[in-house]
Amino acid sequence: MTKAPIAAYPALRPRRLRQADWIRRLVRETTLQPSDLIWSMVVHDGKDARIPVASMPGVDRFSVSEAAKAAVEARALGIPAIAIFPYIDGDKKDARGSQASDPNGLIARAVKAMKDAAPEVGIMCDVALDPFTDHGHDGLIEDGRILNDPTIERLVEQGLMQAEAGADILAPSDMMDGRVGALRAALEGAGHQDVMIMAYAAKYASAFYGPYREAIGSAKALKGDKRTYQMDPFNTEEALREVAMDIAEGADMVMVKPGLPYLDIVRRVVEAFALPTFAYQVSGEYAMLMAAAQNGWLEEERAILETLTSFKRAGCAGIITYFAPRAAKLLGT
Ligand code: PBG
């Protein structure tokens with residue numbers, strides 16, 4: 001709560017508290033630590049250890065064995081969790097996203113390899129069909145319409161497979177209505193009561209996902225846009241309704257996405273609900289910052305830490321970010 005200042009200039013000179021590093025650190029209101037970060041990571045099924053993503057300088061797609069090594073690195077850096085997203089070859093995609101629930105598929109193998117290598121690191125899986133569908137949408141489609149309830153059945157199959165493989169957190173990013181409740185019931189029914197759900201509760205139809213769609217290979221596949229299921233960027237009250245519904249359905253944690261352009265939503269959600277709230281600093285935010293830095297227009301390291309700090313200042317419990325290993329190294333462990 002904001003309190004009125006107890007004195008006016010010159011009795012109160014705010015600059016007194018900024019005159020040296022030690023006093024600035026002493027009165028600092030927010031902290032940023034490696035434990036605030038979830039490492040956003042794309043995995044692929046090929047032999048190459050790392051394949052660079054052109055639109056995200058410094059981000060590579062990792063093979064399964066490289067992802068396992070990355071989990072060990074995350075542990076060493078003090079990063080609590082990794083969120084994995086799959087790059088699927090075009091010839092393995094179909095209209096139903098069959099590969100999404102394959103118990104021997106890329107995600108299942110990546111989760112197992114990572115949990116074997118570093119069991120102390122939490123693994124979060126994306127629940128959505130878009131990396132696996134030949135039309136690039138997060139759900140099943142009929143005559144150009146995304147089908148809500150039939151999609152939920154597929155998402156439940158996908159989520160159960162992920163839990164079976166050892167995922168700690170399921171993160172539905174598809175924005176179908178009712179999917180959190182369906183996932184929670186299915187997890188309870190299958191004895192996975194400890195598997196957590198972080199709902200992409202307020203996910204907007206954003207221009208900032210472009211580089212991600214290149215990274216997972218869905219950019220060329222995507223027909224049309226996602227405005228019939230992702231949220232309208234003009235809305236705030238709707239975000240609060242979405243979050244309330246996901247919490248009522250059994251979400252343990254909620255997320256706002258994208259991050260920086262939606263800090264107002266983060267703040268509203270934090271103030272309205274007593275549940276850990278996360279922000280996703282998405283691919284376009286990463287690309288934008290790196291492009292400016294590579295042109296010499298921004299001081300890269302300071303800008304990275306400043307954006308991450310802004311999420312903590314807004315009240316986030318943590319941030320999903322492609323900068324996680326880089327930021328953790330900058331912050332020290
Ligand atoms: C889709 C999904 C998207 C991201 C995570 N899951 C993109 C989309 O909705 O098209 C975006 C991540 C990023 O941009 O970094 N299920």
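Data block above holds the structure.
Note that the coordinates shown come from a computational prediction; the quantities given were computed from them, not determined experimentally.

(A) A look at the overall build of the protein chain. When helices and strands are counted, the protein chain shows 11 helices and 12 strands. Reported as C-alpha extents along the three principal axes, the dimensions of the protein chain are approximately 70 × 40 × 40 Å. Put simply, the protein chain has 333 residues, and 51% of those count as buried. Contacts spanning at least 24 positions in sequence make up 77% of the contacts within the protein chain whose residues lie at least 6 apart. Surface exposure of the protein chain reaches about 15,500 Å², of which carbon and sulfur atoms provide 53%. The protein chain carries 38 positive and 45 negative side-chain charges, and their two centres are separated by 8 Å.

(B) The environment of K69, seen in detail. With respect to the helices, strands and loops of the structure, K69 is situated in helix α2 (residues 64-77). Residue class for K69 comes out exposed when judged on its relative accessible area of 54%. For the pair K69 and C316, spaced 247 residues apart in the sequence, the C-alpha separation amounts to 28 Å.

(C) Layout of unusual backbone geometry. In this chain, Y9 is followed by P10 through a cis amide linkage whose omega measures 5°. Along the chain, P10 falls in the segment before α1 (21-26). Between K257 and P258 the backbone carries a cis peptide bond, its omega angle lying at -10°. Despite not being glycine, M175 shows a phi value in the positive range, around 70°. Of note, M175 is situated in the loop between β8 (169-172) and α5 (179-189). For M175, a relative accessible area of 4% translates into the label buried.

(D) Quick look at a positive patch on the surface. Side chains of R13, R15, R16 and R18 sit close together on the surface and give a patch of like positive charge. Mapped onto the elements, R16 comes out in the segment before α1. Using a relative accessible area of 40% as the deciding quantity, one classes R16 as partly exposed.

(E) Highlighting helix α8 (residues 263-272). For α8, the full list of buried residues reads L263, I265, V266 and V269. Seen end-on, α8 carries its buried residues on one side only, within an arc spanning 155°. In this structure, the buried side of α8 is in contact with β9 (196-203), α7 (237-249), β10 (253-257), β11 (277-281) and α10 (300-314).

(F) Structural view of the site of the ligand. Lining the immediate environment of the ligand, one finds 18 residues, of which R213, K226, K257, S283 and Y322 sit closest. Taking D130, its side chain carries an N or O atom lying 2.9 Å from a nitrogen atom of the ligand. Here a nitrogen atom of the ligand and a side-chain polar atom of K257 are 3.4 Å apart. In the complex, the protein chains occlude 100% of the 400 Å² of accessible area that the ligand would expose alone. Grouping the amino acids of the shell around the ligand by side-chain chemistry returns eight nonpolar, three polar and seven charged.

(G) Structural view of the pairing of β11. Within β11, five of the five residues are buried, leaving the element largely enclosed by the surrounding structure. Alternating residues of β11 divide into T277, A279 and Q281 and F278 and Y280, and every residue in both groups is buried. The pairing of β10 with β11 spans three bridges and is parallel. By the bridge assignment for β11, M255 is matched with F278. Traced from β10 through α8 to β11, the parallel crossover comes out right-handed. Sheet topology places β11 next to strand β12 (residues 318-321); four bridges connect them, and they run parallel.

(H) Fine view of the packing of α7 against α8. Interaxial distance between α7 and α8 falls to 10 Å at its minimum, and their mutual angle equals 45°. When the interaxial angle is binned, α7 and α8 end up oblique. When you trace α7 past α8, the crossing you get is right-handed. Counting all contacts with α7, which are made through E237, A239, L240 and V243, the residues of α8 involved are I265, R268, V269 and A272.

(I) How the structure looks around the pattern of salt bridges. Using the criterion set out here, one finds 21 salt bridges in the structure. For the salt bridge of K92 with D45, the shortest nitrogen-to-oxygen distance reads 3.6 Å. Remark: D45 occurs in the loop between β1 (37-43) and β2 (50-52) and K92 occurs in the loop between β4 (81-86) and α3 (106-117); sequence separation between them is 47 residues. Its relative accessible area of 38% is what places K92 among the partly exposed residues. Look at D45 and you get partly exposed, because its relative accessible area is 32%.

(J) Quick peek at helix α9 (residues 283-294). The end-to-end C-alpha distance of α9 is 16 Å, a good match for the 16 Å that 12 residues give at a rise of 1.5 Å each. Burial analysis of α9 places nine of its 12 residues in the buried class, the great majority of the element. Within α9, the full set of buried residues consists of S283, G284, E285, Y286, A287, L289, M290, A292 and A293. Remark: G296 follows α9 within two positions and exhibits a positive phi of approximately 80°.

Parameters at a glance
- Residues numbered from 1 in each chain as written.
- Predicted model: local features only at pLDDT ≥ 70, side-chain atom pairs only at ≥ 80, totals over all residues.
- Heavy atoms only, no water.
- Helix = DSSP H or I, 4+ residues; strand = E, 2+ residues; numbered from the N terminus.
- Buried < 20%, exposed > 50% of the residue type's maximum accessible area, 1.4 Å probe, protein only.
- Contact = heavy atoms within 4.5 Å.
- Areas by Shrake-Rupley, 256 points an atom, 1.4 Å probe, with all protein chains shown as cover.
- Lys, Arg positive; Asp, Glu negative; His and termini not counted.
- Charge placed at Lys NZ, Arg CZ, Asp CG, Glu CD.
- Patch = residues over 30% accessible without salt bridge, like charges linked within 9 Å, V, L, I, M, F, W, Y side chains within 5 Å.
- Salt bridge = Lys/Arg side-chain N within 4 Å of Asp/Glu carboxyl O.
- Arc of directions from axis to C-beta.
- Near = heavy atom within 4 Å.
- Polar contact = N/O pair within 3.5 Å; in protein donor to acceptor, adjacent residues only side chain to side chain.
- Nonpolar A, V, L, I, M, F, W, Y, C, P; charged D, E, K, R; others polar.
- Pairing = 2+ DSSP bridges.
- Right-handed = clockwise from strand over helix to strand, strands pointing away.
- Axes fitted to C-alpha atoms, helices over the stretch in contact; angles between N-to-C directions.
- Parallel < 35°, antiparallel > 145°, perpendicular 65-115°, else oblique.
- Left-handed = near helix turned anticlockwise from the far one by under 90°.
- Expected span 1.5 Å × (residues − 1).

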